[in-house]
Amino acid sequence: MSFEIVFVILVVVGMLICLIKEVARPDFILFCSLATLILFGILTPAEALKGFSNEGMLTVALLFIVAGAVKQSGSLNHLVEKALSSGKSPRRSLLQMMVPISGMSAFLNNTPMVVMFTPVVRKWCRDRNISPSKFLLPLSYAAIFGGTWTLIGTSTNLVVHGFMLEKGMAGFSMFQLAIVSIPASIVAITFMVTIGYKLLPDRKTSEETFEESSREYLSEAIVEQQSPLIGKTIEEAGLRQLKGLYLIEVISNGDRTAPVPSYYKIKEGDRLIFTGLFSTIVELQNIRGLTVETGTHLKLGDLQNGSASLVEAVVSHQSSLIHKTVKESRVRSKYDAGVVAVHRNDERINNKVGDIKLKPGDTLLLLANKDFLKRWSNSNDFYLLSTIDEPEIINTKKSPIAIITLLLMIALAAFEILPMFQAAVLAVVALFLTGTVSFEGARKYIQFDVLLVIACAIGIGIALESTGAAALIANQFILLTQGFGILGAVFVVYLLTSFFTEIITNNAAAVLMFPISLHIADQLAVDPMAFFVTIAIAASASFATPIGYQTNLIVYGPGGYRFSDYLKVGIPLNIIYLIITVTIVNFVWVG
């Protein structure tokens, strides 16, 4: 075994450990791993940068723009609302929601879809006194189901497709994966509306938890006449350094200031609203010139006015806020919003808000000012799950253009009139020329962190192949499955890809498994398509953890879920997809 093989395997193992332990953002971890391979001479700069010109990766970037234009049209919301409302029972409504969501996800990026439909589903459930926890996880799963139906359903499919093209293969056709995924989706949806519905918890959402426990963390103090605090700034008065409390709003003669800047000068009669540990209210009582309202009946709704709104948001995988405290992340100055409370693992974190270290999936309750939406619009720090008083303006004249452009792009690729990449280029050019999407809007839709993960993972995959590490691992696979034949190899490839996808990212899992599977297919003298289809399905079929797939993370807090809920419902779904994928792949491509 050469030094290069050992070094690459050590780098990959180290990368996996860092991803599992979430020591940093996935894109940063993969970039550092790729940089290490360059610095030690394992990869040339040309090899390392090959991922940035990969056709699959570039197609993903273009499809982000197309999906963003369709999402912005607002036409999809009505379809889901109508499907839900026409159901005669909760289970019937669940079925009628999952089918169209899966269909839409086959052609659109599923992450923005789940973000868009989460508030729609929650409102529908609230209006009918149904726990949203019965519907939000199925919403995520439906989006995952549909993503496996087509070539463009998820970035993972396009990444594997791009690798195949680079190897001189034909790549996936538009609906080739549907041979496996549609039967699997039918069984999975049937499971969700029967057994799965029973397994799903009937639990309060983060929104309800925040509201019901508001008296436990909201405190109010009034500035007395002749108070020594009058005329001092918030900073000078020492109200920024309180041990357990965090100032989120000041009400002065009916005017509200939220979030509260450090330079705000305190006036007589000001009502100071704090969030945090109610047990530390003695901090306020010890400050001369303040009257503490210990029996305040202040509710969350009382914090809002014409310029300030309560907003619920979920910290994303790629957020710059991860591993920072609320205070360190400077949410107040960066987004013109104050953090009122943080929800994690089905409960509000009972701590001073400023000292809470944020993690992916945390649900933040924000008191946002009028500039919040503008500041948030180009950020990937969190997914917005609440509407703001100033909703995005939808141009109804441009909505049909976005839908027609999407349909034409699909038709051009499906009938092989143009390759998928060229069809996507044409679609984006059409959206620009018609004014449906601006260059500024395009930058907002593109998820650059996802593209960086894909590009870096491709470089790492090249290192696995060029050094012979992939061939070595493939030999071990064949030895492991000896006696079980090709079917055993397909089974193990699915299991390992599924395992990687649950603990790291779907794209990284697919890229790592591609060169290994290619060598397995060569040594077994079998059509490699059997393994590539298996990888594409397994990398997307992530149901058993909230961290394996972004859509699962988005509904984690808003649905009031616990980690065990994903295991309870997701493991049976993983088994369903495993059995159906291996069976159909064996009959169609191994035979």
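Shown above is the structure to which this text applies.
Residues numbered from 1 in each chain as written. Predicted model: local features only at pLDDT ≥ 70, side-chain atom pairs only at ≥ 80, totals over all residues. Heavy atoms only, no water.

Trainee: Could you clarify how one ought to interpret the sheet that holds strand β7 (residues 337–344) in this entry?
Mentor: Read from one edge of the open sheet, five strands run β8-β7-β9-β6-β10, paired in antiparallel fashion. Sheet topology places β8 (347–348) and β10 (382–384) at the edges, where each strand pairs with a single neighbour. By the bridge criterion, six bridges tie strand β6 (residues 309–315) to strand β9 (residues 363–368) in an arrangement that is antiparallel. The partner of alanine 313 across the bridge, within β9, is leucine 364. (Pairing = 2+ DSSP bridges. Helix = DSSP H or I, 4+ residues; strand = E, 2+ residues; numbered from the N terminus.)

Trainee: Teacher, can you tell me more about the side chain of asparagine 552 here?
Mentor: You can see asparagine 552 is positioned in helix α25 (residues 550–556). On the basis of relative accessibility, which here comes to 0%, the residue asparagine 552 falls in the buried class. Engagement of the side chain of asparagine 552 in a polar contact is seen with the side chain of serine 140, the distance being 2.6 Å. In this view, asparagine 552 contacts Leu137, Ser140, Tyr141, Ile144, Ser542, Phe543, Thr545, Pro546 and Tyr566; residues no more than four positions away in its chain are not counted. (Buried < 20%, exposed > 50% of the residue type's maximum accessible area, 1.4 Å probe, protein only. Polar contact = N/O pair within 3.5 Å; in protein donor to acceptor, adjacent residues only side chain to side chain. Contact = heavy atoms within 4.5 Å.)

Trainee: Would you mind showing me how to read the packing of aromatic side chains here?
Mentor: The description of an aromatic ring pair rests on the distance of the ring centres and on the angle between the ring planes. All told, the structure shown has 17 aromatic pairs when counted by the stated rule. Taking the centre distance of 5.8 Å and the plane angle of 20° together, the rings of phenylalanine 145 and tyrosine 577 count as stacked. With phenylalanine 145 in helix α8 (residues 136–147) and tyrosine 577 in helix α26 (residues 563–590), the pair connects residues that are 432 residues apart, well separated along the chain. Taken individually, phenylalanine 145 and tyrosine 577 each receive the classification buried, so the pair is uniform in this respect. Chaining the aromatic ring pairs together yields one cluster made of Tyr141, Phe145, Phe543 and Tyr577. (Phe/Tyr/Trp six-rings, centres within 6.5 Å; stacked < 30°, edge-to-face > 60°.)

Trainee: Explain the environment of phenylalanine 543 to me, please; I cannot follow it from the model alone.
Mentor: Here phenylalanine 543 is to be found in the loop between α24 (529–540) and α25. Along the primary structure phenylalanine 543 and isoleucine 404 are separated by 139 residues, whereas in three dimensions their C-alpha atoms are 32 Å apart. Discounting chain neighbours no more than four positions away, the residues touching phenylalanine 543 are Tyr141, Ile144, Phe145, Glu502, Asn552, Tyr566, Gly570, Leu573, Asn574 and Tyr577.

Trainee: Would you mind going over a nonpolar patch on the surface with me for this structure?
Mentor: Taken together, the side chains of Phe563, Leu567, Ile571, Ile575 and Ile579 present a nonpolar region at the surface, about 420 Å² in accessible area. Its place among the elements puts phenylalanine 563 in helix α26. (Patch = residues over 30% accessible without salt bridge, like charges linked within 9 Å, V, L, I, M, F, W, Y side chains within 5 Å. Areas by Shrake-Rupley, 256 points an atom, 1.4 Å probe, with all protein chains shown as cover. Salt bridge = Lys/Arg side-chain N within 4 Å of Asp/Glu carboxyl O.)

Trainee: Sorry if this is basic, but what is going on with the state of the cysteines here?
Mentor: What makes a disulfide is a covalent bond joining the sulfur atoms belonging to two cysteines. Evaluation of the coordinates by the stated rule reveals zero disulfides. Free of any disulfide, cysteine 456 has its nearest cysteine sulfur in cysteine 32, 9.0 Å distant. Taking relative accessible area as the criterion, cysteine 456 reaches 0% and is therefore assigned buried. (Disulfide = S-S within 2.5 Å.)

Trainee: It is not clear to me how the packing of helix α6 (residues 90–105) against α8 should be interpreted in this structure. Could you clarify?
Mentor: Orientation of α6 relative to α8, taken along the N-to-C sense of each, is 40°, at an axis distance of 7 Å. With respect to each other, α6 and α8 are oriented oblique. Along this stretch, α6 crosses α8, giving a crossing that reads as right-handed. Between α6, through Leu94, Met97, Met98, Ile101, Ser102 and Ser105, and α8, the contact on the second element is made entirely by Pro138, Leu139, Ala142, Ala143, Phe145, Gly146 and Gly147. (Axes fitted to C-alpha atoms, helices over the stretch in contact; angles between N-to-C directions. Parallel < 35°, antiparallel > 145°, perpendicular 65-115°, else oblique. Left-handed = near helix turned anticlockwise from the far one by under 90°.)

Trainee: Explain the pairing of strand β4 (residues 271–276) to me, please; I cannot follow it from the model alone.
Mentor: Strand residues, when the strand is regular, have side chains that alternate between the two faces of the sheet. Taking burial as the measure, the six residues of β4 include five buried ones, the bulk of the element. Relative to β4, strand β1 (residues 218–223) runs antiparallel, the two sharing five bridges. The residue bridging glutamate 220 from the neighbouring strand is isoleucine 273, located in β4. Two strands pair when backbone bridges link them, and strand β2 (residues 245–252) and β4 are joined in this way by six bridges, in the antiparallel orientation. When the bridges of β4 are listed, isoleucine 251 appears paired with arginine 271.

Trainee: What exactly am I supposed to notice about the nonpolar core here?
Mentor: Generally speaking, a soluble globular protein has its nonpolar side chains buried in company with each other. Counting residues in hydrophobic clusters, the biggest one holds 155 residues, and the most contacted among them are Ile101, Phe135, Tyr141, Phe172, Met409 and Met420. If we ignore the near neighbours within four places in the chain, the residues touching tyrosine 141 are Met192, Phe543, Asn552, Tyr566, Val569, Gly570 and Leu573. (Core = buried A, V, L, I, M, F, W, Y, C linked by side-chain atoms within 4.5 Å.)

Trainee: Please clarify how the packing of helix α2 (residues 26–39) against helix α20 (residues 448–466) should be interpreted in this entry.
Mentor: Packed helices, taken two at a time, are described by their axes: the angle between them and the distance between them. Running from N to C, α2 and α20 cross one another at 30°; their axes reach a closest spacing of 9 Å. With respect to each other, α2 and α20 are oriented roughly parallel. Pair α2 / α20 crosses with left-handed handedness. Residues Pro26, Asp27, Leu30, Phe31, Ser33, Leu34 and Leu37 of α2 pack against Asp449, Leu452, Val453, Cys456, Ala457, Gly459, Ile460 and Ala463 of α20.

Trainee: Looking at this model, I keep getting lost on the side chain of threonine 551. Mind explaining?
Mentor: For threonine 551, the location among the structural elements is in helix α25. Setting aside residues up to four positions removed in sequence, threonine 551 forms contacts with Asn110, Thr111, Val114, Ser140 and Ile144.

Trainee: Looking at this model, I keep getting lost on the environment of arginine 240. Mind explaining?
Mentor: Residue placement: arginine 240 occurs in the loop between β1 and β2. C-alpha separation for the pair arginine 240 and serine 262, spaced 22 residues apart in sequence, amounts to 7.6 Å. The residues touching arginine 240, leaving out its near neighbours within four places in the chain, are Ile234, Glu235, Leu247, Val260, Pro261, Ser262, Lys327, Arg332 and Lys352. Polar side-chain contacts of arginine 240 include one of 2.2 Å to the backbone oxygen of valine 260.

Trainee: For this particular structure, what's the right way to read unusual backbone geometry?
Mentor: Excluding glycine, most residues fall at negative phi; most peptide bonds, likewise, are trans. Residue proline 259 is reached from alanine 258 by a cis peptide bond, and omega for that bond is -5°. Note on placement: proline 259 falls in the loop between β3 (255–257) and β4. Look at asparagine 129: it is not a glycine, yet its phi comes out positive at around 60°. Mapped onto the elements, asparagine 129 comes out in the loop between α7 (110–127) and α8. Of note, the phi angle at glutamate 416 is positive, near 55°, even though the residue is not glycine. Of note, glutamate 416 is situated in the loop between α17 (399–414) and α18 (420–433).

Trainee: What should I look at first to understand the sheet that holds β1 in this one?
Mentor: Hydrogen bonds along the backbone pair up the strands of a sheet, which may run parallel or antiparallel. Taken together, five strands build an open sheet; the order of strands is β3-β2-β4-β1-β5 and the sheet is antiparallel. Edge positions in the sheet fall to β3 and β5 (290–293), since each of these pairs with one other strand and no more. Ignoring strand direction, the axes of neighbouring strands in this sheet form an average angle of 25°.

Trainee: Where do I start with the environment of isoleucine 575 in this structure?
Mentor: With respect to the element layout, isoleucine 575 can be found in helix α26. With 80 residues separating them along the chain, isoleucine 575 and leucine 495 place their C-alpha atoms 9.9 Å apart.

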